[in-house]
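Read off the chains here:
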Amino acid sequence: MQKVNEYLKENEGRFIAQLAEYIRFPSVSAQPQHKNDLQACAEWLRRHCEEIGLDAKLWPTTGNPILLARTPRSRTGRRPHFLVYGHYDVQPPEPFDLWKSPPFEPRIQGRSIFGRGASDNKGQHLAHMNAIEAYLKTGVELPCDVTFLIEGEEEVGSASLAAFAKQHRDQLGCDALVISDTGMPGLKQPALTYALRGIVSFEIKLLGPARDLHSGIFGGSVENPAMALCRLLGSLRDHRGRITIPGYYDDVVPLTRYERKELARLPFSQRAYQKLLGVRRLFGEAGFTPTEQRTARPTFEINGLTSGYQGEGSKTIVPAWAGAKITMRLVPRQKPEKIRQLVFQYMRRVCPPTVRMELTAGHGAEPYFVSPQGAKCQAALRALKQAFGCEPVLIREGGSLPIINELTKVLRTEALLLGLALPDDNAHSPNEKFDLDCFAKGMLMSAGLWPELAQASR
Ligand code: BES
Ligand code: MN
């Protein structure tokens with residue numbers, strides 16, 4: 001074990017350089033023009049896996065390739081097998097002008113590496129690969145088999161992976177799924193995440209006049225689709241932060257008193273939080289703490305809002321249409337399809353007859369919730385504690401991993417969410433970064449995890 005840790009320490013500089021190389025690929029899955037970049041990124045990853053001693057293969061899909069990379073299998077009997085899931089695709093980098101250095105030209109400053117995808121998710125799964133490399137290159141025997149499953153469509157809903165997992169069930173069958181694609185409250189609070197929110201996405205478009213009209217000549221006599229959209233969307237949430245769509249909360253499991261007490265123990269400073277987010281005041285559903293609001297309550301969010309003239313100066317028109325991209329976060333027992341139908345029905349009912357409405361369904365994923373009590377969770381908590389040198393915390397997270405429920409169901413196994421991202425890592429925002437201490441400690445955690453997990457699985 002000491003040899004493995006020493007290897008990790010000695011090679012830290014190279015690991016950082018390799019992470020930088022990996023970040024250079026603009027693997028933006030939402031944007032079709034980056035299709036080849038995703039392919040090139042996947043090929044880089046496959047080569048990297050081979051260089052560190054894994055058997056690696058890229059599997060084409062109708063979307064982006066899926067990487068499977070396995071440690072050499074021992075010939076002496078069955079060992080426990082763990083699957084490490086991650087994603088090499090990243091969120092769109094826009095708006096470019098807010099980046100202090102270009103999103104795909106990684107920059108190191110202090111103990112941070114900046115770049116789109118640095119923490120979400122390239123740095124996090126690379127930490128695990130580095131730990132495995134350390135075992136393979138030092139000749140210290142791994143107590144288990146490990147397979148990496150790294151996909152390229154997570155940020156757009158993981159559409160190809162469910163079918164892939166079913167097809168490759170034999171190879172993927174494992175004793176646990178290990179995922180580092182969530183967060184931790186701070187360097188002194190390593191965390192195991194036991195709940196994630198689900199998600200439903202859709203787009204709405206309101207169509208008014210056949211073309212943009214002179215707002216002086218015609219304005220006042222026709223509906224303005226942008227105004228109609230603002231009214232419609234604005235009415236979906238009341239001033240106390242509650243979503244007004246009838247039935248929206250019907251299936252929501254209320255937080256237990258025990259859980260609220262536990263969540264309240266996590267360190268939280270309202271002032272520091274406001275400062276981190278750059279807001280003057282917080283806003284959220286009345287009766288819940290910010291931690292509860294962002295992890296255990298459902299939301300309705302406008303992600304993008306478009307209409308009319310956006311160029312410089314003014315242009316006096318009634319726009320022909322207005323549109324919005326929407327996602328809703330779901331909590332245990334809300335069902336994505338049911339919620340989508342509920343929302344679509346409601347929208348159709350309240351849409352004014354002066355516009356035509358188009359609703360387009362997007363991706364969806366169920367919320368995730370487990371009780372973090374099993375032997376493998378305990379093993380993971382020990383590995384976290386050992387590597388970070390302090391007591392880990394159990395947390396809920398507000399983000400979503402669209403494939404997690406599907407994977408645990410198909411493979412009949414449990415997931416261990418051991419996130420390495422910090423709250424100020426700017427995931428999905430300009431100036432995304434990954435903390436190099438999280439990277440280093442993440443590698444140590446991974447190195448210590450395999451013996452712990454193998455032991456717990458026997
Ligand atoms: N790593 C995130 C999910 C995450 C982040 C979970 C922080 C918990 C804490 C992941 O890459 C992500 O962003 N997922 C998307 C999924 C969506 C596009 C279907 C999300 O949550 O927005
Ligand atoms: Mn993400």
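### Comments concerning the coordination of the manganese ion (ligand 2)
The coordination sphere of the manganese ion (ligand 2) contains the protein donors Asp120 (OD), Glu155 (OE), Glu155 (OE) and His428 (NE2), at a distance range of 1.9 to 2.8 Å. For the manganese ion (ligand 2), the 6 donor atoms in the first shell make angles of 52 to 155° at the metal, so the coordination geometry reads as irregular. Mapping the donors of the manganese ion (ligand 2) onto the primary sequence yields the spacing D-x34-E-x272-H. Of this pair, Glu155 sits in the loop between strand S6 (145-151) and helix H5 (161-167) while His428 is found in the loop between strand S17 (415-417) and strand S18 (433-435), placing the two residues 273 residues apart along the sequence.

### Regarding the site of ligand 1
Near ligand 1, the surroundings consist of 16 residues, among which Asp120, Glu154, Asp181, Arg329 and His428 are the closest. A distance of 2.7 Å separates an oxygen atom of ligand 1 from a polar atom in the side chain of Arg329. Isolated, ligand 1 exposes 510 Å² of accessible area, and the fraction of that covered by the protein chains is 88%. Its residues assigned to classes, the shell around ligand 1 comprises 4 nonpolar, 6 polar and 6 charged.

### Brief notes about the layout of surface pockets
By volume, the second largest pocket amounts to about 680 Å³. Contributions of two or more residues to the lining of the second largest pocket are made by helix H8 (257-264) and strand S16 (393-396). The dominant element in the lining of the second largest pocket, judged by the number of residues it contributes, is H8, at 4 residues. Within the lining of the second largest pocket, the residues separate by chemical class into 16 nonpolar, 5 polar and 7 charged.

### Points about the side chain of Asp145
Mapped onto the elements of the fold, Asp145 is located in strand S6. Here Arg79 takes part through its side chain, which lies 2.7 Å from a polar atom of the side chain of Asp145. Excluding its chain neighbours within four sequence positions, the residues that come into contact with Asp145 are Thr71, Pro72, Arg73, Ser74, Arg79, Pro80, His81 and Phe82.

### Observations concerning the pairing of strand S3 (residues 81-87)
Among the 7 residues that make up S3, 7 are buried, leaving the element largely enclosed by the rest of the structure. Here S3 shows two buried faces, one formed by His81, Leu83, Tyr85 and His87 and the other by Phe82, Val84 and Gly86.

### Examining unusual backbone geometry
Cis geometry marks the peptide bond from Glu94 to Pro95, where omega comes out at 0°. A cis amide bond links Asp120 to the next residue, Asn121, at an omega of 10°. Relative to the elements of secondary structure, Asn121 occurs in helix H4 (residues 118-138). Residues other than glycine seldom take positive phi values, yet Arg412 does so here, at roughly 50°. When you line up the elements, Arg412 lands in the loop between helix H13 (404-410) and S17. Backbone geometry at Asn431 places phi at a positive 60°, although glycine is not the residue there.

### Focus: the packing of aromatic side chains
In the structure shown here, the tally under the stated rule is 10 aromatic pairs. Ring centres of Phe202 and Phe344 lie 5.2 Å apart, and the angle between their planes is 75°; on these two criteria the pair is classed as edge-to-face. Taken as a pair, Phe202 in strand S9 (residues 198-207) and Phe344 in helix H11 (residues 336-350) lie far apart in primary sequence, 142 residues in all. Judged on exposure class, the residue Phe202 and its partner Phe344 are both buried. Ring geometry for Tyr248 versus Tyr249: centroids 5.6 Å apart, planes at 75°, classification edge-to-face. With a relative accessible area of 13%, Tyr249 lands in the buried category. By the ring-pair criterion, three or more aromatic residues cluster together here, those being Tyr22, Phe25 and Trp44. Sitting above the plane of the Tyr22 ring, Lys122 keeps its charged end 5.2 Å from the centroid. Above the ring of Trp321, the side-chain terminus of Lys205 is found at 4.5 Å from the ring centroid.

### So, the pattern of salt bridges
Oppositely charged side chains can form a pair if their charged atoms are brought close together. Evaluation of the coordinates by the stated rule reveals 27 salt bridges. In this structure, Arg78 and Asp175 form a salt bridge, with 3.3 Å as the shortest nitrogen-oxygen distance. Of this pair, Arg78 sits in the loop between strand S2 (66-70) and S3 while Asp175 sits in the loop between helix H6 (169-172) and strand S7 (176-179), placing them 97 residues apart in sequence. A residue is classified by how much of its surface remains accessible, and Asp175, at 17% relative accessible area, is buried. Between Glu366 and Lys335 there is a salt bridge whose closest N-O contact spans 3.9 Å. Separated by 31 residues along the polypeptide, Glu366 in the loop between strand S14 (356-365) and strand S15 (368-369) and Lys335 in the loop between strand S13 (321-330) and H11 bring together distant segments of the chain. Overlapping salt bridges bring together Arg73, Arg79, Glu141 and Asp145 as one network.

What counts as what
Residues numbered from 1 in each chain as written. Chains lettered and ligands numbered in written order. Predicted model: local features only at pLDDT ≥ 70, side-chain atom pairs only at ≥ 80, totals over all residues. Heavy atoms only, no water. Donors = N, O, S within 2.8 Å, 3.2 Å for Na, K, Ca; no water. Tetrahedral: all angles 85-135°; square planar, octahedral: opposite > 155°, others 65-115°. Helix = DSSP H or I, 4+ residues; strand = E, 2+ residues; numbered from the N terminus. Near = heavy atom within 4 Å. Polar contact = N/O pair within 3.5 Å; in protein donor to acceptor, adjacent residues only side chain to side chain. Areas by Shrake-Rupley, 256 points an atom, 1.4 Å probe, with all protein chains shown as cover. Nonpolar A, V, L, I, M, F, W, Y, C, P; charged D, E, K, R; others polar. 1 Å grid on protein atoms, 1.4 Å probe; cavity = no way out; pocket = protein on both sides within 12 Å on 5 of 7 lines; lining within 4 Å. Points joined across faces, edges and corners; volume = space filled by probe spheres on them. Contact = heavy atoms within 4.5 Å. Buried < 20%, exposed > 50% of the residue type's maximum accessible area, 1.4 Å probe, protein only. Phe/Tyr/Trp six-rings, centres within 6.5 Å; stacked < 30°, edge-to-face > 60°. Lys NZ or Arg CZ within 6 Å of the ring centre and 35° of its normal. Salt bridge = Lys/Arg side-chain N within 4 Å of Asp/Glu carboxyl O.

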